Amino acid sequence: MKFMKKTFFSFKHFVTLALGLTMSVGAFAGGVLGSDGVNGAVSLSVDKTSLSVNDVVVLTATVSGMTDDTGVGKSKGDCKYTITIPTGVTQQKAPETSLTNDLTDKGESGNGTYNHGSYTATTVGTYKFGLTVETGSAGNDGVAVSFCPSAPTNLKASNITPTTMDLSWDAGAQAVTYIVSVNGVEYPEQKETLLSLKNLPSATKQQISIVSKNGDLKSVSSLTGSFSTLAQPQFTMSSVEALNVKLGNNQQQIISVSAANLASDVSLAFSTTGGYSIQDNVSIISKETSTLDLILNFVADKIGNFVGTLKATTQYLADVVIDFSATVSPEVVALNEVADENVYSSGCTLTWNAIAGATSYVINVYDANGQAVDGNENVEVDGSATSYEVENLL
């Protein structure tokens, strides 16, 4: 019996020692080699911070720094965040005011990027997507997105001249005003979708850029285009020499014409104070003309001194006017031979053929010595007369 008691004691002692050793190793592992994972950090970003109304934006949450646990009984790093959706912004799939991503106990596998969206707004404005981190830390408190008016469309130019043009365009969505730039020069902000450009250089390309605006927000893109002004027309006419025409006769004049870059045909208009006219008048010169000799046939129909003008009119050019003057003198009347029956003792009857346009005739009768016959000097008769009774002949 003593032997048995001794053996039992030794076995119990051994077990006690073994248990003590096990507890010692466990304490070492827990206090020195094991730890929980590190919680993550979150930053929120978007694929674009400015976009047009009704366009879409995608939110991206970036989680980093999460680690796994080490040792028995420890937990992996956590991260849990919530994104607040601002009023006025909607999710395309389903309306929501916030969303939460719970990465509890994900550890390293929770690191990465998480896309949320797409989101859009139908009203112009700047909206703040808020970020709240419940577990972990925040790299920012959210991100702001501006939904801007849409850019205008369909730019057109009309009524183009060498120095002017009219611009028009279709309105951008929710645009209140527009800013037009021409060759880098900005025009005053305006509400209308029309703009007349003036004092432009001729034959020059005009680079146009138009942005929409609503409050402080401008359209993300601009409407652009280019249009060229016309070349400046050139047109000259040589002067007209002073006319000296006998009544009823014609006088021809040649006027040299030079032209370039005409946008329309040239209209000619003749005016005078009287006394003559232009026969077979050329009233139109083709816009294709470069040089031309214009032949004018002036016809005198009244005695006196007169003035006149020849005016050339074409598009985008000031009228070209040349002045001229004319002196129309009477034609010398040729007397008919005096018939015997028209001769009597102290005189005779003179006859002649009527002169077209004559308003009167002036008659002078001289003797063989060149002296005026009494009563027959500077006698004026009506233009309708074709005869005259000469008296006081010896």
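This text follows the structure it describes.
Residues numbered from 1 in each chain as written. Predicted model: local features only at pLDDT ≥ 70, side-chain atom pairs only at ≥ 80, totals over all residues. Heavy atoms only, no water.

1. Re the overall build of the protein
Thought 1: Assigned secondary structure in the protein consists of 1 helix and 32 strands.
Thought 2: By the compact-globule yardstick of 21 Å for 394 residues, the protein is too spread out, its C-alpha radius of gyration being 55 Å.
Thought 3: Along the first, second and third principal axes, the C-alpha set of the protein runs to 215 × 35 × 25 Å.
Thought 4: In the protein, which comprises 394 residues, the proportion classed as buried is 34%. (Helix = DSSP H or I, 4+ residues; strand = E, 2+ residues; numbered from the N terminus. Rg over C-alpha atoms; globule rule 2.2 N^0.38 Å. Buried < 20%, exposed > 50% of the residue type's maximum accessible area, 1.4 Å probe, protein only.)

2. Regarding the environment of Thr 291
Thought 1: Its location among the elements puts Thr 291 in strand β25 (residues 291–300).
Thought 2: Sequence separation between Thr 291 and Phe 235 is 56 residues; the distance between their C-alpha atoms is 9.6 Å.

3. Looking at the nonpolar core
Thought 1: Within the largest apolar cluster, 29 residues are counted, with the highest numbers of intra-cluster contacts made by Tyr 81, Phe 129 and Phe 147.
Thought 2: Counting residues per element, the ones that place at least two in this core are β1 (41–46), β3 (56–64), β4 (80–84), β7 (112–121), β8 (125–135) and β10 (142–148).
Thought 3: Counting 27 residues, the second-largest nonpolar core is a separate cluster that includes Met 237, Val 266, Leu 294 and Val 320. (Core = buried A, V, L, I, M, F, W, Y, C linked by side-chain atoms within 4.5 Å.)

4. What about the sheet that holds β4?
Thought 1: Taken together, the 5 strands give an open sheet; going across it, the order is β2-β10-β8-β4-β6, and neighbouring strands pair in mixed fashion. Bordering the open sheet on either side are β2 (50–52) and β6 (98–102), each of which pairs with just one other strand. Strand after strand, the sheet turns through a mean of 20 degrees between neighbouring axes, direction not considered.
Thought 2: One ladder, built from 3 bridges, connects β2 with β10; its direction is parallel. Looking across to β10, one finds that Ser 52 is bridged to Cys 148. (Pairing = 2+ DSSP bridges. Axes fitted to C-alpha atoms, helices over the stretch in contact; angles between N-to-C directions.)

5. Some thoughts on the pairing of strand β29 (residues 347–351)
Each regular strand displays side chains that alternate between the two surfaces of the sheet.
Thought 1: Within β29, 4 of the 5 residues are buried, leaving the element largely enclosed by the surrounding structure.
Thought 2: One ladder, built from 2 bridges, connects strand β28 (residues 343–344) with β29; its direction is antiparallel. Note that in β29 the partner of Val 343 across the bridge is Cys 348.
Thought 3: Counting the residues in the hairpin turn of β28 and β29 gives 2 residues.

6. Observations regarding the packing of aromatic side chains
Two aromatic rings, taken as a pair, are described by how far apart their centres are and by the angle between their planes.
Thought 1: Using the criterion set out here, one finds 7 aromatic pairs in the structure.
Thought 2: Seen from their ring centres, Tyr 127 and Phe 147 are 5.7 Å apart, and the 75 degrees between their planes marks the pair as edge-to-face. Pair noted here: Tyr 127 is in strand β8 and Phe 147 is in strand β10, with a separation of 20 residues, a long-range link.
Thought 3: Assessed through its relative accessible area of 11%, Tyr 127 is described here as buried.
Thought 4: With a centroid separation of 5.3 Å and 70 degrees between ring planes, the pair formed by Phe 298 and Phe 324 is classed as edge-to-face. Of the two residues, Phe 298 sits in strand β25 while Phe 324 sits in strand β27 (residues 317–329), which places them 26 residues apart along the sequence. (Phe/Tyr/Trp six-rings, centres within 6.5 Å; stacked < 30°, edge-to-face > 60°.)

7. A few points about the side chain of Gln 91
Thought 1: Its location among the elements puts Gln 91 in strand β5 (residues 89–91).
Thought 2: Accessibility expressed as a relative area gives 12% for Gln 91, which makes it buried.
Thought 3: Polar contacts involving the side chain of Gln 91 include one to the main-chain carbonyl oxygen of Gly 117, which spans 3.0 Å.
Thought 4: Every residue in contact with Gln 91, bar those within four places of it in the chain, is listed here: Glu 96, Gly 117, Ser 118 and Tyr 119. (Polar contact = N/O pair within 3.5 Å; in protein donor to acceptor, adjacent residues only side chain to side chain. Contact = heavy atoms within 4.5 Å.)

8. Some thoughts on the sheet that holds strand β12 (residues 165–170)
Thought 1: The strand order across the open sheet built from 3 strands is β11-β12-β15, with neighbouring strands paired in antiparallel fashion. Looking along the sheet, the strands with just one partner apiece sit at the ends: β11 (153–158) and β15 (194–197). The average angle at which neighbouring strand axes cross in this sheet is 20 degrees, direction not considered.
Thought 2: Bridge count between β12 and β15: 4 bridges; the pairing is antiparallel. Each residue of the ladder has a partner; that of Ser 168, found in β15, is Leu 194.

9. Overview of the environment of Tyr 119
Thought 1: Checked against the element boundaries, Tyr 119 lands in strand β7.
Thought 2: Once the C-alpha coordinates of Tyr 119 and Leu 59 are considered, the two residues, 60 residues apart in sequence, prove to be 8.2 Å apart.
Thought 3: Apart from the residues within four sequence positions on either side, Tyr 119 is in contact with Asp 55, Val 56, Val 57, Leu 59, Ile 85, Val 89, Thr 90, Gln 91, Glu 96, Leu 99, Phe 129 and Phe 147.

10. Digging into unusual backbone geometry
Thought 1: Each neighbour pair has its own omega, and for Gly 117 with Ser 118 the value is 15 degrees, a cis peptide bond.
Thought 2: Structurally, Ser 118 is set in strand β7.
Thought 3: Phi at Asp 105 takes a positive value of approximately 60 degrees, unusual for a residue other than glycine.
Thought 4: Checked against the element boundaries, Asp 105 lands in the loop between β6 and β7.
Thought 5: Of note, Asn 183 is a non-glycine position whose phi angle comes to about 50 degrees, a positive value.
Thought 6: Note that Asn 183 resides in the loop between β13 (177–182) and β14 (185–186).
Thought 7: For Asn 183, a relative accessible area of 41% corresponds to the partly exposed category.

11. Comments concerning the pattern of salt bridges
Thought 1: Evaluation of the coordinates by the stated rule reveals 4 salt bridges.
Thought 2: A salt bridge links Lys 48 to Asp 47, with the nearest nitrogen and oxygen atoms 3.2 Å apart.
Thought 3: When its relative accessible area of 28% is taken as the criterion, Lys 48 is described as partly exposed.
Thought 4: For Glu 134, the salt bridge is made with Lys 80, and the minimal N-O distance between the two is 3.7 Å. Here the residue Glu 134 occupies a position in strand β8, and Lys 80 occupies one in strand β4, the gap between them amounting to 54 residues. (Salt bridge = Lys/Arg side-chain N within 4 Å of Asp/Glu carboxyl O.)

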